[in-house]
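Listed below are the residues making up each chain.
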Amino acid sequence: MLANNRVPRALAAPEPTWSVETDVVILGSGAAGLSAALALRPVREVVLVTKDTLDAGSTNWAQGGLAAVLDPNDSLENHVSDTLEAGAGLCDEEAVRTLVTEAPTAIRYLMELGAAFDPGESSGEIALTREGGHSHRRIVHAGGDQSGAEVQRTLDESVRLAGVQVVERAFALDVVIGETASGQRAVAGVKVAMLDRNGGVQSVGIVYARAVIVATGGYGQVYASTSNPPAVTGDGIALALRAGVEAADLEFIQFHPTVLWSGSEATGQQALISEAVRGEGAILLDAAGQRVMKGVHPQEDLAPRDVVASAISRRMAESPAGVSDHVYLDARRIENFEERFPSITASCNAAGIDPTSELIPVAPAAHYVCGGVKASLNGETSLAGFFVVGEAACTGVHGANRLASNSLTEGVVAGTRVGRALSWELPAKVTVSDEDVDGELIDSYHRAALRSAMSRYVGVLRTPEGLESAARILGTLASNASADVVPTRKAFEATNMLTIAMAVVEAARTREESRGCHRRTDFDAPSRQWLRHLTCRLVDGKVEVK
Ligand code: SIN
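Below is a short write-up of the structure. (Residues numbered from 1 in each chain as written. Predicted model: local features only at pLDDT ≥ 70, side-chain atom pairs only at ≥ 80, totals over all residues. Heavy atoms only, no water.)

### Quick notes on the overall build of the protein
Applied cut-off: Each helix is a run of H or I in the DSSP string that is no shorter than four residues. Each strand is a run of E no shorter than two, and both are numbered from the N terminus. Each radius of gyration reported is based on C-alpha atoms, and the globular scaling rule is 2.2 Å times the count of residues to the power 0.38. Throughout, exposure labels follow a simple rule: accessible area from a 1.4 Å probe, protein chains only, divided by the maximum for the residue type, with under 20% read as buried, over 50% as exposed, and the rest as partly exposed. Here, two residues are considered to be in contact whenever any of their heavy atoms come within 4.5 Å of each other. All accessible-area figures derive from a Shrake-Rupley calculation using a 1.4 Å probe, and residue coverage is judged against the displayed protein chains alone. Just so you know, the count uses Lys and Arg for positive and Asp and Glu for negative, and it drops His and the chain ends. Charge positions are represented by NZ for Lys, CZ for Arg, CG for Asp and CD for Glu.
Within the protein, the secondary structure is distributed over 13 helices and 24 strands. Compactness check: the protein gives a C-alpha radius of gyration of 22 Å against a globular reference of 24 Å for 546 residues, within 12% of the reference. Seen through its principal axes, the protein has C-alpha atoms that stretch 65 × 60 × 45 Å. By residue count, 60% of the 546 residues in the protein fall in the buried class. Across the protein, contacts joining residues at least 24 apart in sequence account for 74% of those joining residues at least 6 apart. With an accessible surface of roughly 20,400 Å², the protein has 47% of that area assigned to carbon and sulfur atoms. Averaging the locations of the 49 positively and 68 negatively charged side chains of the protein gives two centres separated by 3 Å.

### Quick look at the pattern of salt bridges
To keep it simple, the criterion reads: Within this document, salt bridges are pairs made up of a side-chain nitrogen of Lys or Arg and a carboxyl oxygen of Asp or Glu, the two lying within 4 Å of each other.
Counted according to the given criterion, the structure contains 33 salt bridges. Of the charged contacts, one joins Glu251 and Arg511 as a salt bridge, the two residues approaching to 2.6 Å between their closest N and O atoms. Taken together, the residues Glu251 in the loop between strand 11 (247-248) and strand 12 (253-260) and Arg511 in the loop between helix 13 (489-510) and strand 22 (519-520) connect sequence positions 260 residues apart. Judged by relative accessible area, which is 0%, Arg511 ranks as buried. Measuring nitrogen to oxygen at the nearest pair gives 2.7 Å for the salt bridge that ties Arg315 to Asp286. Of this pair, Arg315 sits in helix 7 (residues 305-318) while Asp286 is found in the loop between strand 14 (283-285) and helix 7, placing the two residues 29 residues apart along the sequence.

### Quick look at a negative patch on the surface
We count it as follows: Patches draw on residues past 30% relative accessible area with no salt bridge. Two like charges within 9 Å are joined, as are two nonpolar side chains (Val, Leu, Ile, Met, Phe, Trp, Tyr) within 5 Å.
Together, Glu15, Asp434, Asp436, Asp438 and Glu440 give the surface a local cluster of negative charge. Within the secondary structure, Asp434 sits in the loop between strand 20 (431-432) and helix 11 (447-457). Exposure remark for Asp434: the relative accessible area of 75% places this residue in the exposed category.

### A word on the pairing of strand 2 (residues 46-49)
Rules: Two strands are said to pair when DSSP picks up at least two bridges between them. We call a crossover right-handed when, viewed with the strands running away from us, the connection from the first strand over the helix to the second turns clockwise.
With burial as the criterion, each face of strand 2 is covered, one bearing Val46 and Leu48 and the other bearing Val47 and Val49. Sheet analysis places strand 1 (residues 18-27) next to strand 2, joined by 4 bridges and oriented parallel. Paired with Val25 across the strands is Val47, a residue of strand 2. Once the chain exits strand 1 it traverses helix 1 (residues 31-40) before rejoining the sheet at strand 2, and the crossover so formed is right-handed. Pairing of strand 2 with strand 6 (residues 165-167) involves 3 bridges; the strand directions are parallel. Looking at strand 6, one finds that Leu48 is bridged to Val166.

### Concerning the site of the ligand
Where we set the bar: We call a residue near a molecule or strand when any one of its heavy atoms sits within 4 Å of it. Whenever two N or O atoms come within 3.5 Å, that pair is a polar contact, provided that in protein one can donate a hydrogen and the other can accept it, and provided that, for residues adjacent in sequence, both atoms are side-chain atoms.
Within the structure, the ligand sits among Gln63, Gly64, Glu131, His256, Leu272, Ser274, Glu275, Arg305, His367, Arg402, Ala404 and Ser405. With respect to the ligand, the side chain of His256 contributes an N or O atom lying 2.7 Å from an oxygen atom. Between an oxygen atom of the ligand and a main-chain N or O atom of Glu275, the distance comes to 2.6 Å. The fraction of the free accessible surface of the ligand (260 Å²) that becomes covered by protein chains is 95%.

### Brief notes about the nonpolar core
Under the convention used in this document: Residues enter a nonpolar core if they are buried and are Ala, Val, Leu, Ile, Met, Phe, Trp, Tyr or Cys, with the set joined through side-chain atoms within 4.5 Å.
By size, the foremost hydrophobic cluster in this structure holds 72 residues, and its most contacted members are Phe386 and Met454. Contact partners of Met454, with chain neighbours within four places excluded, come to Val222, Tyr223, Gly459, Leu474, Ala501, Val504 and Val505. Within the second largest apolar cluster, 45 residues are counted, among which are Val24, Leu66, Leu128 and Val164.

### Observations regarding the packing of helix 5 (residues 235-242) against helix 13
For clarity, the threshold we go by: The axes are straight lines fitted to the C-alpha atoms, using for helices just the contacting stretch, and the angles between their N-to-C directions are given from 0 to 180°. Each angle gets one of four labels, with under 35 degrees taken as roughly parallel, over 145 as roughly antiparallel, 65 to 115 as roughly perpendicular, and the rest as oblique.
Taken N-terminus to C-terminus, the directions of helix 5 and helix 13 make an angle of 70°; their axes are 9 Å apart at the nearest point. Classified by the angle their axes make, helix 5 and helix 13 are roughly perpendicular. Counted together, Asp235, Ile237, Ala238, Leu241 and Arg242 of helix 5 and Glu493, Asn496, Thr499, Ile500 and Ala503 of helix 13 form the full contact between these two elements.

### As for the packing of aromatic side chains
Inclusion rule: Aromatic pairing here means that ring centres of Phe, Tyr or Trp (its six-membered ring) are within 6.5 Å. Orientation follows from the plane angle: under 30 degrees is stacked, over 60 is edge-to-face, and everything else is tilted.
Under the definition given, this model contains 3 aromatic pairs. Seen from their ring centres, Phe171 and Phe492 are 5.1 Å apart, and the 45° between their planes marks the pair as tilted. Within this pair, whereas Phe171 is found in strand 7 (residues 170-179), its partner Phe492 is found in helix 13, the two being separated by 321 residues in sequence. When its relative accessible area of 0% is taken as the criterion, Phe492 is described as buried. Relative to Phe255, the ring of Tyr223 has its centre 5.3 Å away and its plane inclined at 85°; by these criteria the two rings are edge-to-face. Placement of Tyr223 in the loop between strand 9 (201-214) and strand 10 (225-226) and of Phe255 in strand 12 is noted, with a sequence separation of 32 residues between them. Note on accessibility: Tyr223 and Phe255 belong to one class, buried.

### Topic: the packing of helix 11 against helix 13
Let me state the cut-off plainly: What makes a crossing left-handed is the near helix being turned counterclockwise from the far one by less than a right angle; a clockwise turn instead makes it right-handed. Basically, the charged four are Asp, Glu, Lys and Arg, the nonpolar ten are Ala, Val, Leu, Ile, Met, Phe, Trp, Tyr, Cys and Pro, and anything else, Gly included, counts as polar.
Running from N to C, helix 11 and helix 13 point in directions that differ by 25°, and their axes come no closer than 10 Å. Judged by the angle between their axes, helix 11 and helix 13 are roughly parallel. Note on packing geometry: the crossing formed by helix 11 with helix 13 is left-handed. Along the contact surface, helix 11 presents Arg447, Leu450, Arg451 and Met454, while helix 13 presents Lys490, Glu493, Ala494, Met497, Leu498, Ala501, Val504 and Val505. A class-by-class count of the residues in the contact of helix 11 with helix 13 yields 8 nonpolar, no polar and 4 charged.

### Some remarks on the sheet that holds strand 5 (residues 139-140)
Read across the sheet, 3 strands follow the order 3-5-4 without closing on themselves; strand pairing throughout is antiparallel. If you trace the sheet from one side to the other, it starts and ends with strand 3 (66-67) and strand 4 (128-129), each paired once. In this structure, strand 3 lies alongside strand 5, joined through 2 bridges in antiparallel fashion. Along strand 5, the bridge assignment pairs Leu66 with Val140.

Okay, structure coming up:
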């Protein structure tokens, strides 16, 4: 089969048979999407579309927590400088300042909605922990290591009480393009496939809206091994690219240094061992019992995540004591481990490990995407009426490497900001234009080859030959795209994953340096000339990187 460098320009699906009209349609139901819905609902009609159940995304799985300055000994300036330092030169300082300034308010807002964060030692205080790259204790957590689940529960309940219309098992295929009275290209709505429990298509319809907000999260599932749940397949970013909207920084994929290693062939979602475990004193050891982070960075085991993940990968490549695919986390010195980290204890126990007396085998895995659709912290993009928030957005807050626990905070801050802005004013009504293009799909079974190519060749350490190989494999997969593939959730996801993977590989090939979480073996340091962003667009189905 010949390689092809084009991806489908639309997802193939049956003709629409119904339509509804609303003020705002939100795609995705994590912290960002739910916060947007909640801020909008008192004023606007909102339809929230999610391809699975409300809590199937990454938010529910977040362990560490939410970063915010709440300790009088800390300062906003410290949080800003830690974020900029982690971001390795590519953060937008203004966006970072806005996030950091609004973070404490976001925490108090969640508490007003009923979030039960873990209390501190004195009455009225919230417990704060540390994670990699933070100079102070500023991570708010809940249920020990179930912080995301508490945020999800709080927002789910609030959204339902607020009367937001939630449509589960509905897959957003492509946006419907329109034109404003002044002739500007704009969004008129979104084409949606209603799914049955097996992911088959029941019907296709159009939700017409004055604004579309994408809050569909990242794309960890394009890798064979990830901390992300199965739903995280980059759907919103792929949809944005097909709509002609620019994405940026896609090459910066953050690998969490420590997921529970469960065998070299393990694939899919892996159990996370929160960085907060290192925040409470755990250290990384190799199979020969040597410290991994000693002498690598002044913050040692609490260095920024890109530094730790790449140090682990390099150490694994040296194969100490013959072990080349994992290292160990020594958490035996942490008091009350089971109480502080109940989910992690359960995951370790399920794998036959007692973290209070044994070393935990760990390895890096794809965790968070620092790039995404180019957007402001209010969600605005280059396409009128089209907004993107949360992990799907590239707002400049994370730069080349996100500071731990800034993302749930960003989801709540940016989601609330876009919701408030659209409560004030909706974009002008548009007339639908005739931009119909023929859809295609790739079959779901191509996902395995795609994910294994991405893990093998586009992981923590990237070689030029590996990136070439990945491009070749993806090109071959792309040549299988056809209008005849049966439309299902899995095929929609596979096609979106291919679109994203091709863009990631092109960006990674183009950026000839090592910076943040993009590490190339042929360029071992950042270079001044690359102190800039790469943007990606789809032009006639072909990825263009600038
Ligand atoms: C963790 O708990 O280590 C993950 C937190 C994050 O990714 O922000």
